[in-house]
Amino acid sequence: MGVEGLGGISKAEIELGGGGQLGTFRLHRVTTILLMAVIWCAAAWTQTEASQTIAAIPTEEGKLIVQNGKNTDVWLTAGSKRVSLGVEEALRVAAWIKEGKAGQYGDLGSVRFRRESRALVVTLVPKKKAEQELRLGEAEALQLAAALASVRQNISKAGQ
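Residues numbered from 1 in each chain as written. Predicted model: local features only at pLDDT ≥ 70, side-chain atom pairs only at ≥ 80, totals over all residues. Heavy atoms only, no water.

## With respect to unusual backbone geometry
Its identity as a non-glycine residue notwithstanding, R118 has a phi of 60 degrees, on the positive side. Here R118 lies in the loop between strand 6 (111-116) and strand 7 (119-124). (Helix = DSSP H or I, 4+ residues; strand = E, 2+ residues; numbered from the N terminus.)

## Some words on the sheet that holds strand 4 (residues 81-86)
With antiparallel pairing, the four strands of this open sheet are ordered in space as 1-2-3-4. Edge strands, defined here as strands with exactly one partner in the open sheet, are strand 1 (53-59) and strand 4. On average, each strand axis in the sheet is inclined to that of its neighbour by 20 degrees, with strand direction left out of account. Looking at chain direction, strand 3 (residues 73-78) and strand 4 are connected through six bridges and run antiparallel. By the bridge assignment for strand 4, L76 is matched with V83. (Pairing = 2+ DSSP bridges. Axes fitted to C-alpha atoms, helices over the stretch in contact; angles between N-to-C directions.)

## Some points on the pairing of strand 1
Side-chain positions along a regular strand alternate between the two faces of the sheet. For strand 1 and strand 2 (residues 62-68), the ladder comprises six bridges, and the chain directions are antiparallel. Within strand 2, the position partnered with A56 by the bridge is I65. Remark: two residues form the turn of the hairpin made by strand 1 and strand 2, two consecutive strands paired antiparallel.

## Re the packing of aromatic side chains
Given two aromatic rings, their pairing is described by the distance between the two centres and the angle made by the two planes. In total, this model carries two aromatic pairs according to the counting rule given. Aromatic side chains Y105 and F113 sit 6.4 Å apart centroid to centroid with 85 degrees between the ring planes, which places their arrangement in the edge-to-face category. An aromatic cluster is present here, built from W96, Y105 and F113 joined pairwise through their rings. The ring of W75 has R82 sitting right over it, with the charged end atom 3.8 Å from the ring centre. Taking NZ or CZ as reference, R115 lies 5.8 Å from the ring centre of W96, over its face. (Phe/Tyr/Trp six-rings, centres within 6.5 Å; stacked < 30°, edge-to-face > 60°. Lys NZ or Arg CZ within 6 Å of the ring centre and 35° of its normal.)

Bear in mind that shape data such as this cannot, by itself, settle questions of function.
Written as structure tokens, this is what we have:
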């Protein structure tokens, strides 16, 4: 027990002071937890936020727009037609385009890719709508490949 007259601290002051610091610690901890929850919710919201345009690629038939889709989808849009690709498939298509091989990539159902001499033909086949064919030159094809490859980076940044 302290000697109060000589500058000592009484037992009551020690108990009161320690409790005040503990209350401040709890307040900081709760504030930190709430702040982390807000940051996590904001990151989750941006991850699922759809239709962020990654690239608008000009073609003779119109613009081919590459967008973030819902969750981990990639949207390819031309006019009023829009088709969806998964991120993994978009990355495989990007690698195929960069390789420059002739021929057809394969039938993905809603979109087809075919390389002809000096042109990449992208065919959008949306449900219940007529298909649309877009011809891209070499520079535009490489721009499409870069946009498809960057989708994964955009999704991982949004999740951080």
